[in-house]
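# Notes for the structure review
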Amino acid sequence: MSIPSVLAEAASSRSRTTTSEKDKQIPAPQVLETIEQHVLLDGFKIVVDLEKSRGSYLYNAVDNRRLIDLYGFFGSMPVGFNHPYFDDPEVRRDLLRAAKVKIANSDVYSEGYAEFIETFERVVGLPPLERYLFIEGGALAVENCLKAAMDWKVRKNMAAGHGERGTQVLHFRHAFHGRSGYTMSLTNTDPRKTDLFAKFDWPRVSCPHIDFSLPEPKREADVIEREQKAEREIREFIEQRGIDICALIIEPIQGEGGDNHFRGEWLRKLRTICDENDILLIFDEVQCGMGATGRNWCCEHFDAEPDLLAFGKKAQVCGVMAGPRIDEVKDNAFRLPSRLNSTILARLLRSRRLDSSFG
Ligand SMILES: Cc1ncc(COP(=O)(O)O)c(C=O)c1O
């Protein structure tokens, strides 16, 4: 991929040569060919210098130019490069502590883990979603929402004498929820990401996002009509598949599917449909959450509350927040050991200085 010249500029002659540069074993011009020997090289043909990159500017070590970073690592960059708080010795100490060892924090607890949870809850907590699971990767965050919902619905069905069923997940066209096992049955954007892999036949309905290309007076009437169509599709699936549907999942703003926005009325309608039909509502905020829309969580703009919320990217750690409906089932996946787990749940870090400046 080439970079448009308008986004790049030659770095000033004042750019510093850092000490670490002298010790570099692989010089910048050889980085790409070294990687390509073992790894598919289909990204930008740049080599980021993490010392010289500053704020919104990414420094390309190959041609000594600064690029305006409009990419932000798939939207996962929480603040600009080399934020001055990282110069604070206390922050550096915290970072080093977290970097030295990846604890299997599913089994072994640490002060860092407790500090992180306390800070996470205080800064971005979304009551009443008070059960947490941390995990590496946005797809796995979504996947664990699905597992929790399946477990919840199947246990309810079994208790009601309907047998071991209730694992289907209702979702929308143009959705992107990741590329892991379960999430590939939901993702339907670029077929190259899902073709030929095993997938489940889960209910997929049309996506009533606002069409901003329409003149304003027509926009609302158009979206309401498409919301009504999507609602009919959802209700038909519920009619046909009934107790086999455990969850309905939506990105409050679709990301990869086209920056598609919904009305608050629609998200609240989904809340009502889920409540009426004993289905869990999942918001995938891996892309649109963690401050990306001006609030901590996108759903806070719409007064719509999910039962499970998946987060990742800018949080620098991925995971799930679960609300009280999950506790309708006593032995749910957040309460019984071994149901949702992984060796290294995540590298968890709370820095006193950073969280006080952003919190
Ligand atoms: C809405 C959404 N969900 C899930 C994911 C998957 O996250 P990850 O790439 O960290 O697995 C993404 C990634 O772009 C996403 O945008």
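Residues numbered from 1 in each chain as written. Predicted model: local features only at pLDDT ≥ 70, side-chain atom pairs only at ≥ 80, totals over all residues.

## Topic: the overall build of the chain
Within the chain, the secondary structure is distributed over 9 helices and 12 strands. Taken over the C-alpha trace, the chain has a radius of gyration of 23 Å; the compact-globule value for 359 residues is 21 Å, and the two agree within 12%. Principal-axis analysis of the C-alpha atoms places the extent of the chain at approximately 70 × 55 × 40 Å. Burial analysis of the chain (359 residues in total) assigns 34% to the buried set. Sequence separation of at least 24 residues holds for 69% of the intrachain contacts in the chain that already meet a minimum separation of 6. (Helix = DSSP H or I, 4+ residues; strand = E, 2+ residues; numbered from the N terminus. Rg over C-alpha atoms; globule rule 2.2 N^0.38 Å. Buried ≥ 20, exposed ≤ 12 C-beta atoms within 10 Å, placed from the backbone. Contact = placed C-beta atoms within 7 Å.)

## A look at the pairing of strand 3 (residues 65-68)
Judged from the 4 bridges that link them, strand 2 (residues 57-60) and strand 3 form a sheet pairing that is antiparallel. When the bridges of strand 3 are listed, Leu58 appears paired with Leu67. Counted along the chain from strand 2 to the antiparallel partner strand 3, the turn is 4 residues long, and its residue Asn64 has a positive phi close to 55°. (Pairing = 2+ DSSP bridges.)

## Overview of the domain arrangement of the chain
Taken domain by domain, the chain comprises domain 1 (5-87) and domain 2 (111-358). Domain 1 and domain 2 are separated by 34 Å when their C-alpha centres are compared. (Domains from an automatic or database assignment.)

## Some points on the nonpolar core
Ranked by size, the top nonpolar core spans 70 residues in total, and within it Ala148, Ala149 and Ile282 carry the most contacts. Broken down by element, the residue count for this core peaks at 11 residues, all from helix 6 (residues 138-159). In contact with Ala149, other than residues within four places in its own chain, are Cys246, Ala247, Leu280, Ile282 and Leu308. (Core = buried A, V, L, I, M, F, W, Y, C linked by C-beta atoms within 7 Å.)

## Focus: helix 4 (residues 89-100)
Over its 12 residues, helix 4 runs 16 Å from end to end, which matches the ideal 16 Å to within 8%, given 1.5 Å per residue. For helix 4, the buried fraction is low: 0 of the 12 residues fall into the buried class. (Expected span 1.5 Å × (residues − 1).)

## Quick look at the site of the ligand
Residues in close proximity to the ligand total 15 residues, the closest being Gly138, Ala139, Gly178, Val286 and Gln287. Among the elements that take part in the shell around the ligand, helix 6 stands out by supplying 3 residues, more than any other. Of the residues in the shell around the ligand, the class split is 5 nonpolar, 7 polar and 3 charged. (Near = placed C-beta within 6 Å. Nonpolar A, V, L, I, M, F, W, Y, C, P; charged D, E, K, R; others polar.)

## Remarks on helix 8 (residues 264-276)
With 13 residues, helix 8 should cover 18 Å at 1.5 Å per step; its first-to-last C-alpha distance of 18 Å lies within 8% of that length. All of the buried residues along helix 8 are Trp266, Leu267, Leu270 and Cys274. What you see down the axis of helix 8 is that its buried residues fit within an arc of 100°, all on one side. Looking at helix 8, the residues exposed on the side facing more than 90 degrees away from the buried face are Thr272, Asp275 and Glu276. Buried residues along helix 8 sit against helix 7 (216-241), strand 7 (245-250) and strand 10 (280-284). Positioned one or two residues after helix 8, Asp278 has a phi angle of 55°, which is positive. (Arc of directions from axis to C-beta.)

## Topic: the environment of Pro306
Topologically, Pro306 is positioned in the loop between strand 10 and strand 11 (308-311). Remark: the alpha-carbon pair of Pro306 and Arg295, spanning 11 residues in sequence, is separated by 16 Å. In this view, Pro306 contacts Leu281, Ile282, Phe283 and Cys299; residues no more than four positions away in its chain are not counted.

## Some remarks on unusual backbone geometry
It is generally the case that most residues other than glycine have a negative phi and that most peptide bonds are trans. In the segment running from Pro127 into Pro128, the intervening peptide bond is cis, with an omega of 10°. Relative to the helices and strands, Pro128 is located in the loop between helix 5 (111-124) and strand 4 (131-135). Phi is positive for Met290, close to 60°, though the residue is something other than glycine.

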